[in-house]
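# Breakdown of the fold
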Number of protein chains: 4
Amino acid sequence: MPKVSQAHLDARRQQILDAAAACFYRKGFHLSTMQDICKEADLSPGAVYRYFASKDDIIKAISEENRNNSIRMIGQMRQGVENYRVFLDQLVDAFFRMIDEFDQHPAKLNIEIWAETFRNERVRTMQSETFKAYEQVFGGFLRDGQKAGYFQPDIDPDSFGRILISFFDGLLVQKAVDPTVDVWAYVETIKKITSSIHCEPEHATVA
Amino acid sequence: MPKVSQAHLDARRQQILDAAAACFYRKGFHLSTMQDICKEADLSPGAVYRYFASKDDIIKAISEENRNNSIRMIGQMRQGVENYRVFLDQLVDAFFRMIDEFDQHPAKLNIEIWAETFRNERVRTMQSETFKAYEQVFGGFLRDGQKAGYFQPDIDPDSFGRILISFFDGLLVQKAVDPTVDVWAYVETIKKITSSIHCEPEHATVA
Amino acid sequence: MPKVSQAHLDARRQQILDAAAACFYRKGFHLSTMQDICKEADLSPGAVYRYFASKDDIIKAISEENRNNSIRMIGQMRQGVENYRVFLDQLVDAFFRMIDEFDQHPAKLNIEIWAETFRNERVRTMQSETFKAYEQVFGGFLRDGQKAGYFQPDIDPDSFGRILISFFDGLLVQKAVDPTVDVWAYVETIKKITSSIHCEPEHATVA
Amino acid sequence: MPKVSQAHLDARRQQILDAAAACFYRKGFHLSTMQDICKEADLSPGAVYRYFASKDDIIKAISEENRNNSIRMIGQMRQGVENYRVFLDQLVDAFFRMIDEFDQHPAKLNIEIWAETFRNERVRTMQSETFKAYEQVFGGFLRDGQKAGYFQPDIDPDSFGRILISFFDGLLVQKAVDPTVDVWAYVETIKKITSSIHCEPEHATVA
DNA sequence: GATGAATGAGACTTCATTCAT
DNA sequence: TATGAATGAAGTCTCATTCAT
């Protein structure tokens, strides 16, 4: 019988993960020290090491958490779709609001994770799954839409999914470098460009 | 009277920078050690420190070199333009060939630089200048084209410039995570999407 | 809740300080390495750095300890005075016994500290306070004695205090250079010379 | 046949020694680097190492120079003596003027040399010879004076010589720590104290 | 003789990790 | 479970010294 509840254990784990995310957000993976994380979590090194075997383990867990959050988010988004025509608009608005609120959002961690991707297979796998999830949702949506006649049939769904990701990730980087970037002008231009792929079917309904 | 020529000094400096780039490419900025760089450059620590005051200095020089290369490249690209219609195609082909040859090209360093951007003001400045240069060239091109009637006049040139950057940087990340990405399908789709912004003027010539 | 008692922490700190003093005594501040100190203290570098932020910090602490010891010693000495006539003798005997037992006594560190004085403001301050303390005690004693009629009234108390210090420090240096110096002959001569400043009051008692 | 004259060689050597003295004066032996000395001497490392085998060699040469200067100085001083009575005054005035002009005078190097004495046998020997020279001159003078009846016969000449050195070296240290020390009040008090050893012979002449 | 680029041992310090309490 | 003192390998950087030119 465990001395403390599983809930307590989970809470401790999450507490550490949150602390680590805060540190990584501020100083990146390799400039954040375990001491930083311990202090932020208000826990001793010994306690932290009870929940994570190594710093690398924490990095992996953070990237896993990032993947899970991303997948959950995109899943939720897909459900709200009512009309193909407005889906991209909704999607785009939701995502770019994150960038606009850059400093409050852990999106900044993404860039750290991308860099880590080169050195850490598990992190790469996580990030790959994240991208795959996006692709599937975006691609699946486009595919459905094409069947229903909403989109030009000669657009490759997978590539289009990747392009949507690029719209987002690309601006993320630019905003990191220059916070004065006009996010909504950028979004507006995306909408204009992508409007060309829309068609006007006779009986528009959503799956 | 210097013992060796300035050319020799410059070559040594470049030798170190190349070695550093190779290391950074493999292990990132913060996991590459000065010893790694020394070994790669086949030089002693003392020699390296004759040319760079610190590891941070090398990182800065690398990001500066990256900026210079980017600006030079984009400058050259602009000069080859003969027809607005085909410019984007040329541009896109040239840029994405880099991604396709990913492992041989220092483009991968970009992601490291982006991450460093959060911690290092000088690196951020370099990267900011790189983005500005791109924006200017792309935006200037679009502006000229709009005046000449080649592009829809309601497209914001600056945002469009940023979007072109995102097309590239976004795929860079995705390729880093999953090397099997089909670059040319992605490019094809970009071309389809952006074709909608083109118009057909009567007398198409380029400034 | 601390893992170990404050007493243990204090003991560790003192252990390091003692080890450092031993090293400095042997090799001076700048030729003693942190490794030397660690080995002498039988502690790892990490442990030492828990207690002192830097080598410089240890040097400062050593000079502070030296000041504290000096001030304590001179304070105790002052209390033992029963008769102006014999005070100098007692004082001189006590101090020069240190020099005579040179190798066992940290007095040798003084010379290191003097040299450090040029480069290290904090060390200079410590040493300055040490000298001030001596001056006050010696000068105060002479002043009292002059009021009571024990000493020639035209002797400047502060200068005389400084001269007493010089008697000591000067021989310290000479003994360092030539350990065969006859300390007690030196002391004897000091007593003869300084005897001239004594007077013979009628009712000799000490405050 | 040498390519350059011996005079040129000697001048170069002295140039290096002067540069070293300037550096040592500013930063001490162990914080002055060979590069510092080279820069100060306006010479390359290779050139410096043609004249001195090592940094340690330079330190030794500096301490040797210091000894030579001291011995020369004290020798000259001895010759100027015309009257036992005023000799100490002259001596004291000459020496303490150095301390008063502290910043311009290499006396500060003495403290460095004393510290070095613990680690460097050759330096210790040099310093020992310096002290011996002083002792001989002072002691010899006192001995002569005692024979001629100028000084109390029960004063030990050697110890008195050491005390004179202590007067000087002691104040040197105090001035290093606190530049506001009143040198001449100190000197005045020395004179008062030492006046007690003087006698009044019938026919006062100097050897 | 002189130069100064290059060497490389070793200095100071950090920090991921362990383990006695 | 949790603590935090302790470890020690490894990192960045310095500097006395060498040697090809």
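Reading guide: rules and limits
- Residues numbered from 1 in each chain as written.
- Chains lettered and ligands numbered in written order.
- Predicted model: local features only at pLDDT ≥ 70, side-chain atom pairs only at ≥ 80, totals over all residues.
- Heavy atoms only, no water.
- Helix = DSSP H or I, 4+ residues; strand = E, 2+ residues; numbered from the N terminus.
- Buried < 20%, exposed > 50% of the residue type's maximum accessible area, 1.4 Å probe, protein only.
- Contact = heavy atoms within 4.5 Å.
- Areas by Shrake-Rupley, 256 points an atom, 1.4 Å probe, with all protein chains shown as cover.
- Domains from an automatic or database assignment.
- Buried area = accessible area lost by both parts, 1.4 Å probe.
- Salt bridge = Lys/Arg side-chain N within 4 Å of Asp/Glu carboxyl O.
- Polar contact = N/O pair within 3.5 Å; in protein donor to acceptor, adjacent residues only side chain to side chain.
- Nonpolar A, V, L, I, M, F, W, Y, C, P; charged D, E, K, R; others polar.
- Core = buried A, V, L, I, M, F, W, Y, C linked by side-chain atoms within 4.5 Å.
- Least-squares fit on C-alpha atoms with pLDDT ≥ 70 in both.
- Axes fitted to C-alpha atoms, helices over the stretch in contact; angles between N-to-C directions.
- Parallel < 35°, antiparallel > 145°, perpendicular 65-115°, else oblique.
- Disulfide = S-S within 2.5 Å.

### As for the overall build of chain A
Each helix and strand in chain A was counted, giving nine helices and zero strands. Secondary structure elements in chain A, listed N-terminal to C-terminal, are α-α-α-α-α-α-α-α-α. Looking at chain A as a whole, 51% of its 207 residues qualify as buried. A separation threshold of at least 6 residues defines the contact pool for chain A, and within that pool the share at least 24 residues apart is 70%. Accessible area for chain A stands at about 9,600 Å²; split by element, carbon and sulfur atoms hold 49% of it.

### Here's the deal with the domain arrangement of chain A
Interface size is commonly expressed as the accessible surface area that is lost when the partners come together. Residues and elements named next belong to chain A. Splitting chain A by domain gives domain 1 (1-53) and domain 2 (55-195). Domain 1 and domain 2 are separated by 28 Å when their C-alpha centres are compared. Taken together, the contact between domain 1 and domain 2 spans 18 residues of the former and 18 residues of the latter. Of the roughly 1,600 Å² buried between domain 1 and domain 2, counting both surfaces, carbon and sulfur atoms make up 68%. Across the contact surface, domain 1 and domain 2 share zero salt bridges. Taken together, the connections running from domain 1 to domain 2 amount to six residue pairs in polar contact (both at pLDDT 80 or more). Elements supplying a minimum of two residues to the side of domain 1 that touches domain 2: helix H1 (6-31) and helix H3 (45-51). A class-by-class count of the residues in the side of domain 1 that touches domain 2 yields twelve nonpolar, four polar and two charged.

### Observations regarding the nonpolar core
In this structure, Phe96 of chain A together with Phe96 of chain B are the most contacted members of the largest nonpolar core, which totals 88 residues. Core analysis: the next-biggest nonpolar cluster, separate from the first, contains 87 residues, Phe87 and Leu88 of chain C together with Ala107 and Ala176 of chain D among them.

### Re the relation of the copies chain D and chain C
For the pair chain D and chain C, the superposition axis carries a translation of 0.0 Å, the fit reaches an RMSD of 0.3 Å, and the rotation angle comes to 179 degrees. Such values leave the two copies arranged in the relation of a two-fold axis. Taken together, the interface assignments show that 98% of the residues at the interface of chain D recur at the interface of chain C, consistent with an identical surface on both copies.

### Digging into the interface of chain D and chain C
At the interface, 43 residues of chain D touch 43 residues of chain C. Interface area, chain D with chain C, both sides summed: about 4,000 Å², of which 71% is carbon and sulfur. In terms of surface lost to chain C, no three residues of chain D exceed Phe118, Val177 and Ile193 of chain D, which account for 17% of the buried area on that side. Linking chain D with chain C are two salt bridges, by the criterion used here. Two residues, arginine 119 of chain C and glutamate 112 of chain D, come together in a salt bridge whose shortest N-O distance is 2.8 Å. Here chain D is connected to chain C by 18 residue pairs in polar contact (both at pLDDT 80 or more). Where the side of chain D that touches chain C is concerned, the elements lending two or more residues are helix H6 (107-116), helix H7 (121-147), helix H8 (157-177) and helix H9 (183-194) of chain D. When its residues are assigned to classes, the side of chain D that touches chain C shows 22 nonpolar, eleven polar and ten charged.

### Comments concerning the packing of H6 of chain D against H8 of chain D
All names here are of chain D. It is at 10 Å that the axes of H6 and H8 come closest, and there the two elements cross at 100 degrees. By the angle class used here, H6 and H8 are roughly perpendicular. Mapping the contact onto sequence places Ala107, Asn110, Ile111 and Trp114 in H6 and Asp169, Leu172, Val173 and Ala176 in H8. Its residues placed into classes, the contact of H6 with H8 shows six nonpolar, one polar and one charged.

### Brief notes about the relation of the copies chain B and chain A
When chain B is fitted onto chain A, the two copies agree to an RMSD of 0.3 Å after a turn of 179 degrees and an axial shift of 0.1 Å. Both copies contact each other with a shared surface, as 98% of the interface residues of chain B are interface residues in chain A too.

### A short note on the state of the cysteines
One pass over the structure, following the stated rule, counts zero disulfides over all chains. Take cysteine 23 of chain A: it sits in no disulfide, and the sulfur closest to it among the cysteines is that of cysteine 38 of chain A, at 9.1 Å.

### A word on the pattern of salt bridges
Two side chains of opposite charge can pair, provided their charged atoms sit close to one another. Throughout the structure, instances matching the rule amount to 44 salt bridges over all chains. When the shortest N-O distance is used, the salt bridge between aspartate 158 of chain A and arginine 143 of chain A registers 3.2 Å. A residue pair is termed long-range when its members are at least 10 positions apart, and aspartate 158 of chain A in helix H8 (residues 157-177) and arginine 143 of chain A in helix H7 (residues 121-148) qualify at 15 residues. Close ionic contact of glutamate 64 of chain D with arginine 67 of chain D constitutes a salt bridge, the shortest N to O distance being 3.9 Å. Pair noted here: glutamate 64 of chain D and arginine 67 of chain D are both in helix H4 (residues 55-79), with a separation of three residues, about one helical turn.

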